[in-house]
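Below are the chains, spelled out letter by letter.
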Amino acid sequence: MTVLEICTYPEKVLLQQSEPIADINEEIVKLADHMAETMYSAPGIGLAANQVGVAKQLLVVDIAPRRPESDLIVLANPEIIAVEGEVTIEEGCLSVPDCQAEVKRHEKVKVRGLDLKGKEVEIEAEGLLAVVLQHEIDHLNGILFIEHLSRLKRDLYKRKLRKKKARQQG
Ligand code: NI
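Residues numbered from 1 in each chain as written. Predicted model: local features only at pLDDT ≥ 70, side-chain atom pairs only at ≥ 80, totals over all residues. Heavy atoms only, no water.

I'm lost on the coordination of the nickel ion in this one. Help?
Six octahedral donors at a metal ideally form angles of 90 or 180 degrees, and four tetrahedral donors ideally form angles of 109.5 degrees. The protein atoms donating to the nickel ion are Cys-93 (SG), His-135 (NE2) and His-139 (NE2), with metal-donor distances spanning 2.1 to 2.2 Å. When the donors of the nickel ion are listed by position in the chain, the intervening gaps give C-x41-H-x3-H. Within this pair, His-135 and its partner His-139 are both found in helix α2 (residues 127-140), separated by 4 residues, close to a single helical turn. (Donors = N, O, S within 2.8 Å, 3.2 Å for Na, K, Ca; no water. Helix = DSSP H or I, 4+ residues; strand = E, 2+ residues; numbered from the N terminus.)

Explanation requested: the pairing of strand β4 (residues 87-93) in the structure shown.
Residues in a regular strand project their side chains so that they alternate between the two faces of the sheet. Bridge count between β4 and strand β5 (residues 96-105): 6 bridges; the pairing is antiparallel. Of the residues in β5, the one forming a bridge with Thr-88 is Lys-104. Linking β4 to β5, which pair antiparallel, is a turn of 2 residues. (Pairing = 2+ DSSP bridges.)

I'm lost on the layout of surface pockets in this one. Help?
Over the atoms, a rolling probe the size of a water molecule traces out where space has been left empty. Size it by volume and the largest pocket reaches roughly 240 Å³. Looking at the largest pocket, it is lined by 17 residues, and the ones nearest its centre are Ile-45, Gly-92, Cys-93, His-135 and Glu-136. Contributing elements (two or more residues each) for the lining of the largest pocket: β4 and α2. The biggest single contributor to the lining of the largest pocket is α2, with 6 residues. Among the residues making up the lining of the largest pocket, the classes are represented as 8 nonpolar, 6 polar and 3 charged. (1 Å grid on protein atoms, 1.4 Å probe; cavity = no way out; pocket = protein on both sides within 12 Å on 5 of 7 lines; lining within 4 Å. Points joined across faces, edges and corners; volume = space filled by probe spheres on them. Nonpolar A, V, L, I, M, F, W, Y, C, P; charged D, E, K, R; others polar.)

Even after reading the chapter, I still don't get unusual backbone geometry, so can you show me in this structure?
What is expected of a backbone is that most residues other than glycine have negative phi and most peptide bonds are trans. Here the amide bond leading from Tyr-9 into Pro-10 is cis, since omega sits at 5°, within 30 degrees of zero. Relative to the helices and strands, Pro-10 resides in the segment before α1 (26-41). In the segment running from Ala-42 into Pro-43, the intervening peptide bond is cis, with an omega of -10°. Relative to the helices and strands, Pro-43 resides in the loop between α1 and β1 (46-48). For Asn-77, which is not glycine, the phi torsion reads 50° and is therefore positive. Positioned with a positive phi, Asp-98 is a non-glycine residue whose angle comes to about 60°. Along the polypeptide, Asp-98 turns up in strand β5.

Everything listed here is a matter of coordinates, which is why it stays silent on function.
The structure is reproduced here in structure tokens:
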């Protein structure tokens, strides 16, 4: 099992646009595999490639990792092609430790991307799955969930995280 190191705010790779994947090759399949193992071990319910330091448009999601009906989704070059409704739930992020906050998102989304065979797939999601997909696609665009908060809250969290990081490095 390979568990990769998870990057945390304010590492640069988290704040930049990730590159589309031109070819689903062995390296990408292996990366997806390692990302899933890292997500399950964290534990988390979603992970974007730039969270493990790779600026490529690849995500893994599993909103029921501990249940037998566990269903891993792996998507390359994902894009949201339709949205509906609004929902607010509390989010957290492996790259933004010790921070949970309510975020307003679309309640339903349709996402198009490539699976690990390079085949185009469309996923219609609602509720938690829709939220996680939006959160991970945001990651690939260099956007952390704290960017959706009010400026006051966001600045507070950022200051807190920077301080914490400085303490760890010092
Ligand atoms: Ni996240």
